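These are the residues of each chain, in order.
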Amino acid sequence: MSLLEPEPERQPAARSRSLVIATGVVGVGVLVLVLAGVLWVRHRRATPAEGPRPVARAVEPVPAQKEAKSKIALPPAPMPATARQPALGTLHIESDVPGASVFLDREYVGTAPLTLQRVPPGTHQLNVSAPGHDGYAESIEVDPGERDVVVRFNEVRLDASIDVVHKHGFGSCRGRLFATPAGIRYETAHARDAFSVPLADVIQFDVDYPKKNLRIKLRTGKSYDFTDPDGNADRLFVFHRDVQKARERLASAGAPSG
């Protein structure tokens, strides 16, 4: 056999090896392509496509949030200075007895004459006292601005009244007694029994507490006996006391009336 001719047994084996190698190379290439494709798809999914960005919008609160927000107590708006601080008043208090003690709303504030500033508007209780004189008490209304109050201890003050029954010789009539520094007045539906006289014309003015009787005798000589409609002798006593005190002060020399 010539040396240039291949051996018949070795040619099929060489072809098989070449085919296996080629198949392996092709398989590896296909596998690489498949892996590259998978990686590319994952990369596209992970990276969002470029495009216009969404515009931010205010999130509308859900109904529960709205209700909770509406229940939040907001601080009150500041008030103007004129509304926060009302205008105050000023009291000028004088007395015909120098050095009289002055009390406003039961608090000692000084002696008369006295000026009280920055007094809140409204009703206030004023009390003034002086040794040897009846105390002065009055509810006063204070308004923004100034007000003068003059307390006259030496002035006779009398304003008393009481419901009474006038006892006649036969029967009786009902009416009301009034007393002021100007005099005593009896008002009744029986015109013949009514009267009005100065205090100086009252020559007898007595109260009989056990008998519950008040007797008034006038300068004209006519006498009146009065009782309380409810049989209350205390009312007769208080009326008699207030009138008698005024009569005694008016009888003092130089005592003015008012």
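Heads up: the structure comes first, above all this text.
On a predicted model such as this, the values are computed, not experimentally measured, just so you know.

1. A few points about the overall build of the chain
Reasoning step 1: The helix and strand inventory of the chain stands at four helices and 14 strands.
Reasoning step 2: For the chain, with 258 residues in total, the buried portion stands at 24%.
Reasoning step 3: In the chain, the share of contacts with a sequence separation of at least 24, taken over all contacts with a separation of at least 6, comes to 42%.
Reasoning step 4: Accessible surface, the chain as shown: approximately 18,700 Å² in total, 57% of it carbon and sulfur.

2. Observations concerning the sheet that holds strand β9 (residues 172-180)
Reasoning step 1: Here seven strands make up an open sheet; going across it, the order is β11-β10-β9-β8-β14-β13-β12 and the pairing antiparallel. One side of each edge strand has no neighbouring strand; the edge strands of this open sheet are β11 (195-197) and β12 (202-208). When the angles between neighbouring strand axes are averaged without regard to direction, this sheet yields 30 degrees.
Reasoning step 2: Running over the sheet, helix α4 (residues 233-251) touches β8 (160-167), β9, β10 (183-188), β12, β13 (213-218) and β14 (223-227) and is turned about 145 degrees from β12.

What counts, and where the lines are drawn
- Residues numbered from 1 in each chain as written.
- Predicted model: local features only at pLDDT ≥ 70, side-chain atom pairs only at ≥ 80, totals over all residues.
- Heavy atoms only, no water.
- Helix = DSSP H or I, 4+ residues; strand = E, 2+ residues; numbered from the N terminus.
- Buried < 20%, exposed > 50% of the residue type's maximum accessible area, 1.4 Å probe, protein only.
- Contact = heavy atoms within 4.5 Å.
- Areas by Shrake-Rupley, 256 points an atom, 1.4 Å probe, with all protein chains shown as cover.
- Pairing = 2+ DSSP bridges.
- Axes fitted to C-alpha atoms, helices over the stretch in contact; angles between N-to-C directions.

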